[in-house]
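Read off the chains here:
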Amino acid sequence: MSELVSIIKQRRSANKFLPQVDISSHELEEIFELVKYAPSAFNLQHAHYVIVQDEERKQQIYEASGKQYKVQTASAVVIVLGHMDAHHNAPQINEGLLHLGILNQQEYDIQVASVQQFYDERGEVFKRDEAIRNASLSAMTFMLAAKDKGWDTCPMIGFDPAAVQQILDIPERYVPAMMITIGREDTGSQRIRGYRKPVGEFVSYDHF
Ligand SMILES: Cc1cc2nc3c(=O)[nH]c(=O)nc-3n(C[C@H](O)[C@H](O)[C@H](O)COP(=O)(O)O)c2cc1C
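Bear in mind the structure is a predicted one, so any value in this text is a computation, not a measurement.

*Asks:* Help me understand the overall build of the protein in this model?
*Replies:* From N to C terminus, the protein includes eight helices and four strands. Starting at the N terminus and walking to the C terminus, you meet the elements of the protein as α-α-β-α-α-β-α-α-β-α-β-α. Across its three principal axes, the protein shows a C-alpha extent of roughly 60 × 45 × 35 Å. Sequence-distant contacts, at least 24 apart, represent 84% of the contacts inside the protein between residues at least 6 apart.

In structure tokens:
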């Protein structure tokens, strides 16, 4: 089995974490060094991560997530945000290409203006969809990179986003796309792998 296949198959949503396991900032950094390669529309890199390790804040997040036990025992609680105004960063993101001479000034100006226009024309719902779509791709990369480094995760949507926003001082234009708890799974209480649809049931060719 290739390494990728084994990581995809071994990743499970952790049901319960072993308590008192620390994850160092170095280990988190190593994961994020891979996460940065996730794709994003126009390379705008909409995702932003808030790592919660402080016990008091973790307890508040636990309260805001329907008291899901795994939030308390996770080594860190990771909030994945999507930036609704990531297109405003198009000038900085494309600057390198300008300096390297890959884009000339005119091409750079067109690129920046067309990205702005793309988002502005499509409006707020699209900006929100984009924030969540791009953050979700980043989040999946995070979970696979974490698994590769021996960590277990659980993606979670069972939390009150407004409360989380307030507890962590998250600016209004950042949408919580999901929460990911990370730690070492207590495999003794691993759930049996849930039913998966056969491929023919979720893939169709040329028409629905
Ligand atoms: C967007 C999303 C939200 C989820 N929210 C929760 C959650 O709040 N609590 C939880 O225990 N599991 C949550 N899960 C985990 C799913 O239950 C799990 O992925 C699914 O049952 C398949 O199991 P597996 O990931 O082990 O293959 C969530 C998964 C996703 C993708």
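*Asks:* Got a minute to help me understand the environment of phenylalanine 159 in this structure?
*Replies:* The residue phenylalanine 159 is located in the loop between strand E3 (152-156) and helix H7 (161-167) in this model. For the pair phenylalanine 159 and aspartate 169, spaced 10 residues apart in sequence, the C-alpha to C-alpha distance is 16 Å. If near-sequence neighbours (up to four positions away) are discounted, phenylalanine 159 is found in contact with Ala64, Ser65, Val164 and Met179.

*Asks:* Even after reading the chapter, I still don't get the nonpolar core, so can you show me in this structure?
*Replies:* Looking at soluble globular proteins, one finds that nonpolar side chains tend to be buried together. With 38 residues, the main nonpolar core has Val80 and Ile180 as its most contacted residues. Going through the elements one at a time, helix H2 (25-35), strand E1 (47-52), helix H3 (55-64), strand E2 (76-83), helix H6 (105-148), E3, H7 and strand E4 (174-183) are the ones with two or more residues in this core. Among the elements that take part in this core, H6 stands out by supplying eight residues, more than any other. Apart from the residues lying within four places of it in its own chain, the contact partners of isoleucine 180 are Val78, Val80, Ala139, Phe142, Met143, Thr153, Cys154, Pro155 and Met156. Counting residues in each nonpolar core, the second largest holds six residues, with Ala86, Ala90, Val112 and Val115 among its members.

*Asks:* When you look at the packing of H2 against H6 in this model, what are you seeing that I'm missing?
*Replies:* Packed helices, taken two at a time, are described by the angle their axes make and the gap between the axes. The N-to-C vectors of H2 and H6 enclose an angle of 130 degrees; their axes lie 9 Å apart at closest approach. Viewed along their axes, H2 and H6 adopt a mutual orientation that is oblique. In the crossing of H2 with H6, the sense of the turn from one axis to the other is right-handed. Here Ile31, Leu34 and Val35 of H2 lie close against H6, whose contacting residues are Ser138, Thr141, Phe142, Ala145 and Ala146. Of the residues belonging to the contact of H2 with H6, the class tally is six nonpolar, two polar and no charged.

*Asks:* Where do I start with the site of the ligand in this structure?
*Replies:* As a matter of local geometry, the ligand sits amid Arg12, Ser13, Gln68, Cys154, Pro155, Met156, Ile157, Gly158, Met178, Arg193 and Gly194. The element that contributes the greatest number of residues to the shell around the ligand is E3, accounting for three residues. Classifying every residue of the shell around the ligand by side-chain character gives five nonpolar, four polar and two charged.

*Asks:* Would you mind showing me how to read H6 here?
*Replies:* Owing to its 3.6 residues per turn, the α-helix aligns residues three or four sequence positions apart on the same side. Between its first and last C-alpha, H6 extends only 41 Å over 44 residues, short of the 64 Å set by a 1.5 Å rise per residue. At glycine 123, H6 is deflected by roughly 120 degrees, the largest bend along its length. The first or second residue beyond H6 is glycine 150, which carries a positive phi of 90 degrees.

*Asks:* Where do I start with the packing of helix H5 (residues 90-99) against H6 in this structure?
*Replies:* The contact between H5 and H6 brings their axes to 10 Å, and the two run at 155 degrees. By the angle between their axes, H5 is roughly antiparallel relative to H6. For the pair H5 and H6, the crossing hand works out as right-handed. Contacts between H5 and H6 involve Ala90, Pro91, Asn94 and Leu98 from the first element and Gln105, Tyr108, Gln111, Val112, Val115 and Gln116 from the second. Split by residue class, the contact of H5 with H6 holds six nonpolar, four polar and no charged.

Each value, and the rule that gives it
Residues numbered from 1 in each chain as written. Predicted model: local features only at pLDDT ≥ 70, side-chain atom pairs only at ≥ 80, totals over all residues. Helix = DSSP H or I, 4+ residues; strand = E, 2+ residues; numbered from the N terminus. Contact = placed C-beta atoms within 7 Å. Core = buried A, V, L, I, M, F, W, Y, C linked by C-beta atoms within 7 Å. Buried ≥ 20, exposed ≤ 12 C-beta atoms within 10 Å, placed from the backbone. Axes fitted to C-alpha atoms, helices over the stretch in contact; angles between N-to-C directions. Parallel < 35°, antiparallel > 145°, perpendicular 65-115°, else oblique. Left-handed = near helix turned anticlockwise from the far one by under 90°. Nonpolar A, V, L, I, M, F, W, Y, C, P; charged D, E, K, R; others polar. Near = placed C-beta within 6 Å. Expected span 1.5 Å × (residues − 1). Bend = angle between axes of the 7 residues up to and from the residue.

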